[in-house]
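Observations on the three-dimensional arrangement
Chain by chain, the residues:
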Amino acid sequence: MSEISKEYDFKQVEERWAGSWDESIYYFDWNSHAPQYIIDTPPPYPTGNFHIGNALNWCYIDFVARYKRMKGYNVMFPQGWDCHGLPTEVKVEEIHKITKNEVPREEFRRLCEELTAQNIAKMRVTMRRLGFSNDWSNEYVTMMPEYYSKTQRSFVQMFDKGMIYREDHPVNWCPRCGTAIAFAEVEYDSRTTTLNYLRFGSDLGDLEIATSRPELLAACVAVAVHPEDDKNKKYIGTEVRVPVFDYNVPVIADEVVDPAFGTGVVMICTFGDKQDVRWWVEHDLPLRQAIDRAGRMTEIAGKFAGMKISECKDAIIKEMKSLGIIYKEEPLDQNVGLCWRCKTAIEILSERQWFVKINPGEIIETSAEIEWVPEHMEIRLKNWTGTMDWDWCISRQRIFATPIPVWYCKKCGEPLVAKEEWLPLDPNVSSPPISCPACGSVEFEPETDVLDTWMDSSISALNVTGWLSDHPPRYPAQLRPQGHDIIRTWAFYTILRAKALVGVRPWDSILINGMVLGEDGHKMSKSLNNFIAPEEVVVKYGADAFRQWAAVGGSPGSDVMFRWKDVISGGRFLQKLWSMYRFSAPHAVKSDDSAPNQVDRWLLFELSQMIEAVTDSMDRFQFDEAFRAIRSFAWDVLADNYIELVKSRLYGPDGPEKRAAQSTIYAAIEALTSLLAPFTPFIAEEIRMNLSGESVHTSSWPRPLGMEPQPAGSLIKDVAAAVRRYKSDRGMALNSPLAEIEVYSDLDLETTDLSGSTSSPVAVKGGSPEIETRAVEVKPQMKAIGPVFKNQSGEIIRKLTEMDPEKVARMVAAGKIEVEVEGEVVELGPEAVEIATETLSAGKAVEMIVLEGATVLIRTGS
Ligand SMILES: [Zn+2]
Ligand SMILES: [Zn+2]
């Protein structure tokens, strides 16, 4: 064996292993009959930076993957990349100083693919350096034809089942991004706006209306009042005149109107908000669209046409004020829907879009078949499922996304949805191989809209379980790990799609991880300057130390604060482990011919208990519990107690007793490296390879040894620890001999290790020691004597110290102390002195330590 360095060189060890591990040991075996454990790993967006939030989640996944593999499961920890989307389009425009419309569609897509491929390569490097045991044979990239053909086939299958349709329907629209977005992409924020009071003309006299969106006046299609609104109900069924635009709209009755808000009269526009959409449907109202896709006013806005929404609002308010139509204004707090990417206020436009039907009952039922960890996260899915007003809008007006495989007949307008066997394809590039089934025409227009990226990632679970592959499918997957911020998107859509496409739940369990907070307690972000990159941590302390932070930072589901001190203490543990290994290496020898003594059996029992506890914690995904138990065993039980106890045997003459200690150390280190393998794969491998010449990552998870508690060994450990404390309290070297140690206990304790570890003769006796105490010194208390006896005090104190301590002790017990000073008897209270005593056993002075289960007498001199 080569020389083992004193300092643990994490950099050298980690980089050596990261560069030499055979990754094929992590490949899923499609032909195996072992129980499967397929993980639906999140496919990150390839930004080029594998951020700390990803890293935390991947640590959790890797802990599970490595643990399950060691437990004998056929594990798949695949890695996907969710490529499509706006951020890459924007980045490409920046890098190449172009806008996407300045280059051909195909060329723009190629530039996006090129950037994405570069970013994926960067992120792979970080993931390998962090020691993740990904199955790279099951990597997928959503922008590649192998994957997006499945996205397209999922579209076609759901269209054929009537679960996807195209319709003119109100959708959430971001005027800045120029695309429809789904409800899940709308964020709400409160803003203060103005409530304007204005008058609509009527034969029954002016009707007063309050609105926060006067710029939508041209889109007004009705006004509504509550049927029991005494002041306004006379207008119901009549028509009123829209000011400025001068056309009539009906007055309708609706119970949803709040008579106490504003004037009690509501202007219904197409569309100011979701409520307008509901009224528009319920009352079958016409459509007047005043805002276009770019967020500008349309033709029906008359002289305001072409203005931006905000310009139109200012202009129309100014005009109505000058005409006396607006008669009052007041501030109003409102919840405004914003685009989640760019924070622009969204508009609701009626657009011809593609939709996926949502069946809330089915999603909630399927979710109930899934184990949520932590359990309370499921409520987020349930709540979200109840809030959607219309189906999932899946078409987007972008370029870098999966093309919708549809053409429209130029002659009759009928859509032609591609057949599965034609896929993958881009309708902008290829034509259908058949003529129009409706009219026979061969001229088509391509669908230029593309699919929402959630259409790609929501089949990840199906993809990794072999759906539409050469292998027999193996859905459901066993685990979906993900953040709580994407429950209403990724989790929701995945459940919907798995149910729609294959009729089963996507996974058995979903494990929700929290967000990473900076050391200041805020969510980590570049703008708050509390941002830490995993690479920075790895350079300073190594991947094993970083992974320990992830393990102990908190339990899954809770937000986890990044703390350097957790990483630093992780590094310290690696050094402790290394030092222990360095000491043990020459002594750790497997042996068949050994006679474990009480101390060995105690250690093995502790090891067995720890294995049982860690296994249970791992099964519940409680990584912090698991890791703390391993660390405390390694540090406190093995290094600080057991090894100290058996050192003399290890250095002593060869024989079954020595071999028992050697083989116990071997067993402990072997099990310890296995248990550490999921958490700190580098140091676990380094030690295990040195120990046995085998990779810890192909070893099995240790089994509990099925041992009974070992009270004798445990008590020996307590006695030895008490003697160590005794010596260190007195500043004695730990190997300095004591005259004798007597241990009184009802257990029949063996003395070899006690005597070896204390460097002292040890006698074990039954029952309790016979002892007496003797007063040996009188300690006068100045604070009690001084205030009473003033300048007599010095003399009193001198006298007290000269008296027989035994006699003074008897007077203290009787309640008063009498001292003769200059011929006079002075009386003192018992508080005037403290009496120092010593313990005697068989007439000799001893120190006594009382422990649970034993009394220890230490004789210091002969
Ligand atoms: Zn936007
Ligand atoms: Zn046709």
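The structure we're discussing is the one just above.
Just so it is clear, the model here is predicted, and its values are computed rather than measured.

The protein atoms that coordinate the zinc ion (ligand 2) are Cys409 (SG), Cys412 (SG), Cys436 (SG) and Cys439 (SG), at distances spanning 2.2 to 2.4 Å. With 4 donor atoms in place around the zinc ion (ligand 2) and angles of 99 to 115 degrees between them, the coordination shape is tetrahedral. Classification of Cys409 as buried rests on a relative accessible area of 3%. Take Cys439: its relative accessible area is 30%, and that puts it in the partly exposed class.

Adjacent strands of a sheet form backbone hydrogen bonds with each other and so pair up, either parallel or antiparallel. With mixed pairing, 4 strands are arranged side by side in an open sheet as β10-β11-β9-β12. Bordering the open sheet on either side are β10 (239–241) and β12 (265–269), each of which pairs with just one other strand. Neighbour to neighbour, the strand axes of the sheet diverge by 35 degrees on average, direction disregarded.

On inspection of all chains with the given rule, the structure shows 33 aromatic pairs. Note on Phe183 and Trp390: the rings are 4.5 Å apart at their centroids and 50 degrees apart in plane angle, and the pair reads as tilted. With Phe183 in the loop between β6 (179–181) and β7 (186–200) and Trp390 in the loop between α9 (378–385) and β16 (392–393), this residue pair connects regions lying 207 residues apart in the sequence. The burial state of Phe183 is the same as that of Trp390; both residues are buried.

It is worth spelling out the packing of helix α15 (residues 564–584) against helix α17 (residues 623–651) at this point. In contact at an axis separation of 11 Å, α15 and α17 are set at 25 degrees when each is read in the N-to-C sense. Considering their axes alone, α15 and α17 lie roughly parallel with respect to each other. For the element pair α15 and α17, the recorded crossing hand is left-handed. Where α15 approaches α17, its residues Ser569, Arg572, Phe573, Lys576, Leu577, Met580, Phe583 and Ser584 are matched on the opposing element by Phe627, Arg631, Ala634, Trp635, Leu638, Ala639, Asp640, Ile643, Lys647, Leu650 and Tyr651. Looking at the contact of α15 with α17 residue by residue, the class counts come to 12 nonpolar, 2 polar and 5 charged.

Basis of the calculations
Residues numbered from 1 in each chain as written. Chains lettered and ligands numbered in written order. Predicted model: local features only at pLDDT ≥ 70, side-chain atom pairs only at ≥ 80, totals over all residues. Heavy atoms only, no water. Donors = N, O, S within 2.8 Å, 3.2 Å for Na, K, Ca; no water. Tetrahedral: all angles 85-135°; square planar, octahedral: opposite > 155°, others 65-115°. Buried < 20%, exposed > 50% of the residue type's maximum accessible area, 1.4 Å probe, protein only. Pairing = 2+ DSSP bridges. Helix = DSSP H or I, 4+ residues; strand = E, 2+ residues; numbered from the N terminus. Axes fitted to C-alpha atoms, helices over the stretch in contact; angles between N-to-C directions. Phe/Tyr/Trp six-rings, centres within 6.5 Å; stacked < 30°, edge-to-face > 60°. Parallel < 35°, antiparallel > 145°, perpendicular 65-115°, else oblique. Left-handed = near helix turned anticlockwise from the far one by under 90°. Contact = heavy atoms within 4.5 Å. Nonpolar A, V, L, I, M, F, W, Y, C, P; charged D, E, K, R; others polar.

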